[in-house]
Amino acid sequence: MLCWGFGQLGGVPVPIYIEISHLHRTATFIARGSISPDELRAAAEQLLDAGVPHYAKLLDLSGAVINAGLAEGIATLMRARHTDKRGPMALLIDPGHDQFARAFAVTQSSHRPVSLFTSLREARNWLAQPHDTAAVPAATPATPEQAASKPWSDPQRQAVLIRGTRRRDLAVGRRNRPVN
């Protein structure tokens, strides 16, 4: 599932982007610009409603400005809604603007493997490694097509565009690109 939430930075819309791949058991959260407490809470609730606490999560906060005081409130919201095992969380940060990410990582470190990165490649590699928490078994074995797919693509994903209170389903298709 993909969804967009919109904030404002100088009058220009700035997205919060969430993509959830049930096939690969991953969730990606990307925030850009100044994020309000309501936008952050709504995005966290979107992840919680999807029921993905055991999925590996990549949070790209490198381009976001988020009040560090919100970290404990978001962590409390997440703990109250799910007591399941939690998957690893990689936070992609900008070292000069990482107060929220560091405060949030501290709230998560006793519940899941969590690490901060300045490189997307390193974050993805870290998430791909096995971690100490036991993984939830997959419902069905992977098909040969699923096994051959790239780890960060999911041709079966669903998409939703959210603007304010309006929602619209989007068609998400596979791109036909030549293989080099």
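The structure displayed is predicted, hence computed values, not measured ones.

**A word on the overall build of the protein chain**
Turning to step 1, where the next piece is worked out: When its secondary structure is counted, the protein chain shows 5 helices and 8 strands.
Turning to step 2, where the next piece is worked out: Order of helices (α) and strands (β) in the protein chain, N terminus to C terminus: β-β-β-α-β-α-β-α-β-α-α-β-β.
Turning to step 3, where the next piece is worked out: In the protein chain, the share of contacts with a sequence separation of at least 24, taken over all contacts with a separation of at least 6, comes to 69%.
Turning to step 4, where the next piece is worked out: Total accessible area computed for the protein chain in this model is approximately 10,700 Å², and 53% of it derives from carbon and sulfur atoms.

**Section: helix α3 (residues 99-108)**
Turning to step 1, where the next piece is worked out: Here α3 has its buried residues at F100, A101, F104, A105, T107 and Q108. In a view along the axis of α3, the buried residues occupy a sector of 160°, so they form one face of it.
Turning to step 2, where the next piece is worked out: Buried residues in α3 make contact with α1 (37-49), β4 (56-65), α2 (71-81), β5 (89-92) and β6 (114-117).

**Observations regarding the pattern of salt bridges**
It is possible for side chains of opposite charge to pair when their charged atoms get near one another.
Turning to step 1, where the next piece is worked out: Overall, the coordinates contain 4 salt bridges when judged by the stated rule.
Turning to step 2, where the next piece is worked out: Its salt-bridge partner being D60, residue R32 comes within 2.9 Å of it at the nearest N-O pair. Note that R32 is positioned in strand β3 (residues 26-34) and D60 in strand β4, a separation of 28 residues in sequence.
Turning to step 3, where the next piece is worked out: Looking at R32, the relative accessible area reads 30%, which means it is partly exposed.
Turning to step 4, where the next piece is worked out: What makes D60 buried here is its relative accessible area of 9%.

**Quick notes on empty space enclosed by the protein**
Turning to step 1, where the next piece is worked out: Under the definition given, this model contains 2 cavities of 30 Å³ or more.
Turning to step 2, where the next piece is worked out: Computed from the structure, the largest cavity encloses a volume of approximately 140 Å³.
Turning to step 3, where the next piece is worked out: Contributing to the lining of the largest cavity are 13 residues, with F29, L47, L59, I74 and F104 lying nearest its centre.
Turning to step 4, where the next piece is worked out: Looking at the lining of the largest cavity, the elements that each hand over two or more residues are α1, β4, α2 and α3.
Turning to step 5, where the next piece is worked out: Sort the elements by how many residues they give to the lining of the largest cavity and α1 lands first, with 4 residues.
Turning to step 6, where the next piece is worked out: By residue class, the composition of the lining of the largest cavity is 12 nonpolar, no polar and 1 charged.

**Looking at the packing of α2 against α3**
Turning to step 1, where the next piece is worked out: The interhelical angle for the contact between α2 and α3, taken along N-to-C directions, is 35°, at an axis separation of 9 Å. As α2 packs across α3, the resulting crossing turns out to be right-handed. Contacts between α2 and α3 pair A71, E72, I74, A75, M78 and R79 from the former with F100, A103, F104, T107 and Q108 from the latter.
Turning to step 2, where the next piece is worked out: Counted by class, the contact of α2 with α3 contains 7 nonpolar, 2 polar and 2 charged residues.

**Some thoughts on the nonpolar core**
A general tendency of soluble globular proteins is for nonpolar side chains to be buried together.
Turning to step 1, where the next piece is worked out: Counting residues in each nonpolar core, the largest one holds 31 residues, and the members touching the most others are F29, L61, L91 and F104.
Turning to step 2, where the next piece is worked out: At the level of elements, β2 (12-21), β3, α1, β4, α2, β5 and α3 are the ones that each hand at least two residues to this core.
Turning to step 3, where the next piece is worked out: Looking at which element gives the most residues to this core, the answer is α1, with 5 residues.
Turning to step 4, where the next piece is worked out: Other than its neighbours up to four places away in sequence, L91 contacts L59, L61, A101, F104, A105, V114, S115, L116 and F117.

**Some thoughts on the side chain of E39**
Turning to step 1, where the next piece is worked out: Within the secondary structure, E39 sits in helix α1.
Turning to step 2, where the next piece is worked out: Of the polar contacts made by the side chain of E39, one reaches the backbone nitrogen of S36; its length is 2.9 Å.

**A few points about the packing of aromatic side chains**
Turning to step 1, where the next piece is worked out: For the structure on display, the rule yields 2 aromatic pairs.
Turning to step 2, where the next piece is worked out: Judged by centre distance (5.8 Å) and plane angle (10°), the rings of F100 and F104 are stacked. On the criterion of helical spacing, the pair formed by F100 and F104 is a turn pair, its members being 4 residues apart in helix α3.
Turning to step 3, where the next piece is worked out: On the accessibility criterion, F100 (7% relative accessible area) is buried.

Cut-off values and rules
- Residues numbered from 1 in each chain as written.
- Predicted model: local features only at pLDDT ≥ 70, side-chain atom pairs only at ≥ 80, totals over all residues.
- Heavy atoms only, no water.
- Helix = DSSP H or I, 4+ residues; strand = E, 2+ residues; numbered from the N terminus.
- Contact = heavy atoms within 4.5 Å.
- Areas by Shrake-Rupley, 256 points an atom, 1.4 Å probe, with all protein chains shown as cover.
- Buried < 20%, exposed > 50% of the residue type's maximum accessible area, 1.4 Å probe, protein only.
- Arc of directions from axis to C-beta.
- Salt bridge = Lys/Arg side-chain N within 4 Å of Asp/Glu carboxyl O.
- 1 Å grid on protein atoms, 1.4 Å probe; cavity = no way out; pocket = protein on both sides within 12 Å on 5 of 7 lines; lining within 4 Å.
- Points joined across faces, edges and corners; volume = space filled by probe spheres on them.
- Nonpolar A, V, L, I, M, F, W, Y, C, P; charged D, E, K, R; others polar.
- Axes fitted to C-alpha atoms, helices over the stretch in contact; angles between N-to-C directions.
- Left-handed = near helix turned anticlockwise from the far one by under 90°.
- Core = buried A, V, L, I, M, F, W, Y, C linked by side-chain atoms within 4.5 Å.
- Polar contact = N/O pair within 3.5 Å; in protein donor to acceptor, adjacent residues only side chain to side chain.
- Phe/Tyr/Trp six-rings, centres within 6.5 Å; stacked < 30°, edge-to-face > 60°.

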